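Below are the chains, spelled out letter by letter.
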Amino acid sequence: MKNDNEKAEILIESLEYIKNFHNKVVVIKYGGHAMISPEIREQVISDIVWLKYVGMKPVIVHGGGPEINQLLKVKGIETRFIDGLRVTTPEIMQNIEMVLTGSVSPSLTTLFNANGIPTVSVSGKDNKILEAELKSDELGLVGEITKVNTSYLNHVIEGGFLPVISPIAYGPDGLSLNINSDEAASQIAKALEAEKLILLTDVAGVYRDFNDPSTLISRLDIQGMRSAIEEGIISGGMIPKLECCLAALEGGVQRCHIINGTIKHSLILELFTKQGIGTMITH
């Protein structure tokens, strides 16, 4: 009986959040190990399905770095990175599109459809959803987003469909450009005036000391985030993610969350419980 009462209390606690988030757009960047492991992938999919069934409007922007690395390795194509961005030659771009739009996106779409959620798989290049310019000559076909065209996405969302978006943009003269998936998710969240941007990563969130799990920062505001970066408390690969969150917040998104997608039901725990499980960033 006690266990049943605890379950009832959890459901009652979640009701407030369900009411607040009903009919709101939530952009979820999905990638990393949470997408590679079949078991974890099923858990994440089930969480997103739950969001959809309680009345939220999820939009998925997926990555695919490990899968791209594997294909390039099999083909014997060397790849290198500058500041975390893959130097993208035309040959590499062709393989990126093959993986993202030909494999990852359709497989995710199939899983959602199998769970009763009507889902549409699209490339950011389709209907010029994402337009971009070249970021630098040194990086090759890596793009920086200049425009997000929301008419098609809004049509898909309002039609009751869940969009699964590959981070590829329409570039100059129709070139396909490789876009960082965090940046794509941030810009799409801004353009759709999303309630939330959620970055699923392989770490629990932002730490004061990455080597000490007890120093997880459960909540940050914009000023606190800037101060932590300036003081060197936050460094390395977390900074670009926080910059994407900052861009989203300054663009009108209400909340950003950085959570560990490999933890069972992390999405549900972060969004629908008071204590949360990751780092929430607010204005």
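This one's a predicted model, so the numbers in the text were calculated from it and none came from an experiment.

Cut-offs and rules
Residues numbered from 1 in each chain as written. Predicted model: local features only at pLDDT ≥ 70, side-chain atom pairs only at ≥ 80, totals over all residues. Heavy atoms only, no water. Axes fitted to C-alpha atoms, helices over the stretch in contact; angles between N-to-C directions. Helix = DSSP H or I, 4+ residues; strand = E, 2+ residues; numbered from the N terminus. Parallel < 35°, antiparallel > 145°, perpendicular 65-115°, else oblique. Left-handed = near helix turned anticlockwise from the far one by under 90°. Contact = heavy atoms within 4.5 Å. Nonpolar A, V, L, I, M, F, W, Y, C, P; charged D, E, K, R; others polar. Pairing = 2+ DSSP bridges. Core = buried A, V, L, I, M, F, W, Y, C linked by side-chain atoms within 4.5 Å. Buried < 20%, exposed > 50% of the residue type's maximum accessible area, 1.4 Å probe, protein only. Salt bridge = Lys/Arg side-chain N within 4 Å of Asp/Glu carboxyl O.

Draft legend 1. Spotlight on the packing of helix α8 (residues 222–230) against helix α9 (residues 238–250). Viewed as axis vectors pointing N to C, α8 and α9 meet at an angle of 155°, and their least axial separation amounts to 11 Å. With respect to each other, α8 and α9 are oriented roughly antiparallel. Considering only the axes of α8 and α9, their crossing is left-handed. Of α9, the residues touching α8 (which contributes Ile222, Met225, Arg226 and Ile229) are Ile239, Leu242, Leu246, Leu249 and Glu250. Its residues assigned to classes, the contact of α8 with α9 comprises seven nonpolar, no polar and two charged.

Draft legend 2. Highlighting the environment of Ala194. Mapped onto the elements, Ala194 comes out in the loop between α7 (181–191) and β11 (196–201). Along the sequence, Ala194 and Val59 sit 135 residues apart, while their C-alpha atoms lie 9.4 Å from each other. Not counting chain neighbours up to four residues away, the residues in contact with Ala194 comprise Val25, Val27, Ala189, Gly252, Val253 and Gln254.

Draft legend 3. Main features of the sheet that holds β11. Strand order in this open sheet of eight strands is β5-β8-β2-β1-β11-β15-β16-β14, and the pairing throughout is mixed. Two strands close off the open sheet at either side, each with one partner strand: β5 (119–123) and β14 (219–221). Each strand of the sheet is rotated relative to its neighbour by a mean of 20°, with strand direction disregarded. The pairing of β11 with strand β15 (residues 255–260) spans six bridges and is classified as parallel. Counted as the bridge partner of Ile198 is His257 from β15. Its contacts with the sheet put helix α5 (residues 90–114) on β1 (25–30), β2 (57–62), β5 and β8 (162–166), and the angle it makes with β5 is roughly 165°.

Draft legend 4. Layout of the nonpolar core. Val27, Ile28, Phe112, Ile188, Leu197, Phe272 and Ile281 are the most contacted members of the largest nonpolar core, which totals 81 residues. Tallying contributions element by element places α5 first for this core, with eight residues. Counting five residues, the second largest nonpolar core, distinct from the first, contains Leu85, Val87, Leu139 and Val142.

Draft legend 5. Region of interest: the pattern of salt bridges. Applying the stated criterion across every chain, the model contains seven salt bridges. Between Glu183 and Lys135 there is a salt bridge; the shortest N-O distance is 4.0 Å. Here Lys135 lies in the loop between β6 (130–134) and β7 (143–148) and Glu183 lies in helix α7, a separation of 48 residues in the sequence. For Glu183, a relative accessible area of 16% gives the class buried. Of the charged contacts in the structure, one is a salt bridge between Asp182 and Lys241, with a shortest N-O distance of 2.8 Å. One end of the pair, Asp182, is in helix α7; the other, Lys241, is in helix α9, with 59 residues separating them in the sequence. With respect to burial, Asp182 and Lys241 carry one shared label: buried. Counted as one network, the salt bridges with shared partners bring together Lys29, Asp182 and Lys241.

These values are about where atoms sit, not about what they do.
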